[in-house]
Amino acid sequence: MSGTLFIVSAASGTGKTSLVKALLEKCANLFVSTSHTTRTIRAGEIDGVHYHFTAKEQFVDMIGKGEFLEHAEVFGNYYGTALSTVENTLRQDQDIILEIDWQGAQQVRHLYPNAVSIFIMPPSRDALRERLQNRGQDSEEIITQRLNGAIADMSHFIEFDFVVINDDFIIALDELHSIVEASRLRQSVQIIRHGERIQSLLSS
């Protein structure tokens, strides 16, 4: 498989989804995997675009059949990435992004040790709380719960290859873009994608 697998994780409310969406517009041959989830669909979301909204019984059945590359339970809901989606994309020499939490990232790195992992952090706790409140989707109790969970999540940044601070959106986006482009130039990737050209240059 010659495609590159990128893992992007962040605490809730950090702006990960907006950054990844903007990154896809800047990078050719880069796609995001649509995860499965058992949580309720929110206003403005589209099944199959934002998530594959899946009944809990079906999700558990998929786990039993080994159909997920990774899966985790977050705030009482299941989230997971279909193994077939990732494998098919990488085989087609296409790069794919997984937007997953740190638990899922651990599972993926075990199976794909060459995956490039990126953790996005907010500039401060106050900024994170403000972003969670501005969503207008959760009660103050839920916001506090998510903030406490975010603090615990952020402690896992040390497990990732790269860390991006999302203080200024444009700067954070440029940093993400740089990581993707640099990763595509790694020796191991270039040998796969341009092996014949490299060999012809070295042949006597």
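The structure under discussion appears in the preceding block.
Predicted model only: the values in this text are computed from it and were never measured. Throughout this document, residue positions are counted from 1 along each chain, in the order its sequence is written. The predicted origin of the model limits local features to residues at a pLDDT of at least 70 and limits the giving and counting of side-chain atom pairs to 80 or more, whereas totals for whole chains, interfaces and linings rest on all residues. To obtain the side-chain values, all non-hydrogen atoms of the structure were included, while hydrogens and water were left out.

1. Focus on unusual backbone geometry
Note: most peptide bonds trans; most residues except glycine with negative phi.
Turning to step 1, where the next piece is worked out: Look at asparagine 29: it is not a glycine, yet its phi comes out positive at around 60°.
Turning to step 2, where the next piece is worked out: Of note, asparagine 29 is situated in the loop between α1 (16–26) and β2 (30–32).
Turning to step 3, where the next piece is worked out: Burial classes: relative accessible area under 20% of the type maximum marks a residue as buried, over 50% as exposed, and values in between as partly exposed (1.4 Å probe, protein chains only). A residue is classified by how much of its surface remains accessible, and asparagine 29, at 34% relative accessible area, is partly exposed.
Turning to step 4, where the next piece is worked out: One non-glycine residue, aspartate 93, lies in positive phi territory at about 60°. For the purposes of this entry, the term helix denotes a DSSP run of H or I that reaches at least four residues, the term strand denotes a run of E that reaches at least two, and both are numbered from the N terminus.

2. Describing the packing of aromatic side chains
Turning to step 1, where the next piece is worked out: Pairing of aromatic rings covers Phe, Tyr and the six-membered ring of Trp, with a centre-to-centre limit of 6.5 Å; geometry is then stacked below 30 degrees between planes, edge-to-face above 60, and tilted otherwise. A complete count under the given rule lists five aromatic pairs for this structure.
Turning to step 2, where the next piece is worked out: With centroids separated by 4.5 Å and ring planes inclined at 25°, the aromatic side chains of phenylalanine 59 and phenylalanine 68 adopt a geometry described as stacked.
Turning to step 3, where the next piece is worked out: For the pair phenylalanine 59 and tyrosine 78, a centre-to-centre distance of 5.4 Å together with 20° between the ring planes defines the contact as stacked. Here phenylalanine 59 is found in helix α2 (residues 56–64), whereas its partner tyrosine 78 is found in strand β6 (residues 77–82), with 19 residues between them in sequence. Neither residue differs from the other here; phenylalanine 59 and tyrosine 78 are each classed as buried.
Turning to step 4, where the next piece is worked out: Counting every residue linked through ring pairs, the aromatic cluster contains Tyr51, Phe53 and Tyr79.
Turning to step 5, where the next piece is worked out: We note arginine 109 situated over the ring of phenylalanine 160; from NZ or CZ to the ring centre the distance is 4.9 Å. Definition used: whenever NZ (Lys) or CZ (Arg) falls within 6 Å of the ring centre and also within 35 degrees of the ring normal, the charge is taken to sit over that ring.

3. Some remarks on the sheet that holds β6
Strand pairing in a sheet takes place through backbone hydrogen bonds and is either antiparallel or parallel in direction.
Turning to step 1, where the next piece is worked out: Taken in spatial order, the four strands make up an open sheet running β4-β3-β6-β5, and their pairing is mixed. At either margin of the open sheet sits one strand with a lone partner, and together these are β4 (52–53) and β5 (68–74).
Turning to step 2, where the next piece is worked out: At least two bridges found by DSSP between two strands is the condition for calling them paired. Here strand β3 (residues 36–37) pairs with β6 via two bridges, running antiparallel. Paired with histidine 36 across the two strands is glycine 80, which belongs to β6.
Turning to step 3, where the next piece is worked out: Two residues form a contact once any of their heavy atoms are found within 4.5 Å. For helices, the axis comes from a line fit to the C-alpha atoms of the stretch in contact; other axes are also lines fit to C-alpha atoms, and the angle between any two N-to-C directions lies between 0 and 180 degrees. Across the sheet, α2 is in contact with β3, β5 and β6; its angle to β5 comes to roughly 135°.

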